[in-house]
Amino acid sequence: MKTASVLAILVLAGACRLAAQPDPVARAREVLPHELAAEVLALADSARQQGLPEAAVAARALEGWAKGHRGEALTRAVRSFVEELRAARAALVREGPPEPGPHAIEAAGAAMAMGVDAQAVSALAASAPSGRALAVPLWVTGALVERGLPADGALRAVTASLAAGAADAELLGLPDQASSLLAQGLEASQVLAALQSARAGLLRPPGFLVRPPMAPPAGVPANAGIGGHRPTPRGRPGAGPPGGRGP
């Protein structure tokens, strides 16, 4: 299972991989030894013929090479990745678009690797608003599952946000909000209830008492001497609701 830091990199880097590295296939041909490159490129071409993202396959080979994987170990990892992409695409087209985009397929594969089952991927593809890109919702669902939330509940939280019109930036805030609530001692069911009850908002489930904020050091006036309400800390940076809205 991937760590949260790795997932964050996937969310940010995966969506712009082709922009940062416009031709991983050509790069693989340049970087990898001739015989190994031929095997990898054959796998990438086979993936393309199956409607899978060829560039993602070549990029995975380059990542493996950079990590020190060589020979059969590298090609075995690439073959396994192609199988993950094939399963991810099948889950998407079962209820969603007949030709999902490469980012959606890669995101679905990542989510399934983190514990989201194929049925949940299909349900998300079916319930997403028409024309809505699926890559971020899929990655966010995987991130919530990675944090220990059940896949069906994570799916409901994401689909509820989609139905409410949440932008990708708001969706990407859900995993940190879940982490913040879990750190306060909430159970998974309470966290899911909070996430589902408002669009990307940190809410307090009924009956949960939030500890009062820590007082400022002596000599430092609350709110830096500025009049008005002193906001309650929301945990680590980025965990608060968009626009500073309170519960």
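Reading guide: rules and limits
Residues numbered from 1 in each chain as written. Predicted model: local features only at pLDDT ≥ 70, side-chain atom pairs only at ≥ 80, totals over all residues. Heavy atoms only, no water. Core = buried A, V, L, I, M, F, W, Y, C linked by side-chain atoms within 4.5 Å. Buried < 20%, exposed > 50% of the residue type's maximum accessible area, 1.4 Å probe, protein only. Helix = DSSP H or I, 4+ residues; strand = E, 2+ residues; numbered from the N terminus. Contact = heavy atoms within 4.5 Å. Arc of directions from axis to C-beta.

A. Spotlight on the nonpolar core. Judged by nonpolar contacts, the single largest core of 62 residues is most densely connected at Leu 32, Val 57, Leu 92, Leu 138, Leu 144 and Leu 195. The element contributing the most residues to this core is helix H6 (residues 71-95), with eight residues. In this structure Leu 195 touches Leu 144, Leu 149, Ala 157, Leu 174, Gln 177 and Ala 178, once residues within four positions along its chain are discounted.

B. Spatial organisation of the environment of Gly 142. In this fold, Gly 142 is placed in helix H9 (residues 135-146). Judged by its relative accessible area of 0%, Gly 142 falls in the buried class. As a C-alpha pair, Gly 142 and Ala 108 span 34 residues in sequence and 8.6 Å in three-dimensional space. Those residues in contact with Gly 142, other than ones at most four positions away along the chain, are Ala 111, Met 114 and Val 116.

C. Region of interest: helix H12 (residues 188-197). All of the buried residues along H12 are Val 191, Leu 192, Ala 194 and Leu 195. Down the axis, H12 shows its buried residues gathered within 160 degrees of arc, on one side only. Buried residues along H12 sit against H9, helix H10 (151-163) and helix H11 (168-183).

So yeah, pure geometry; function would need other evidence.
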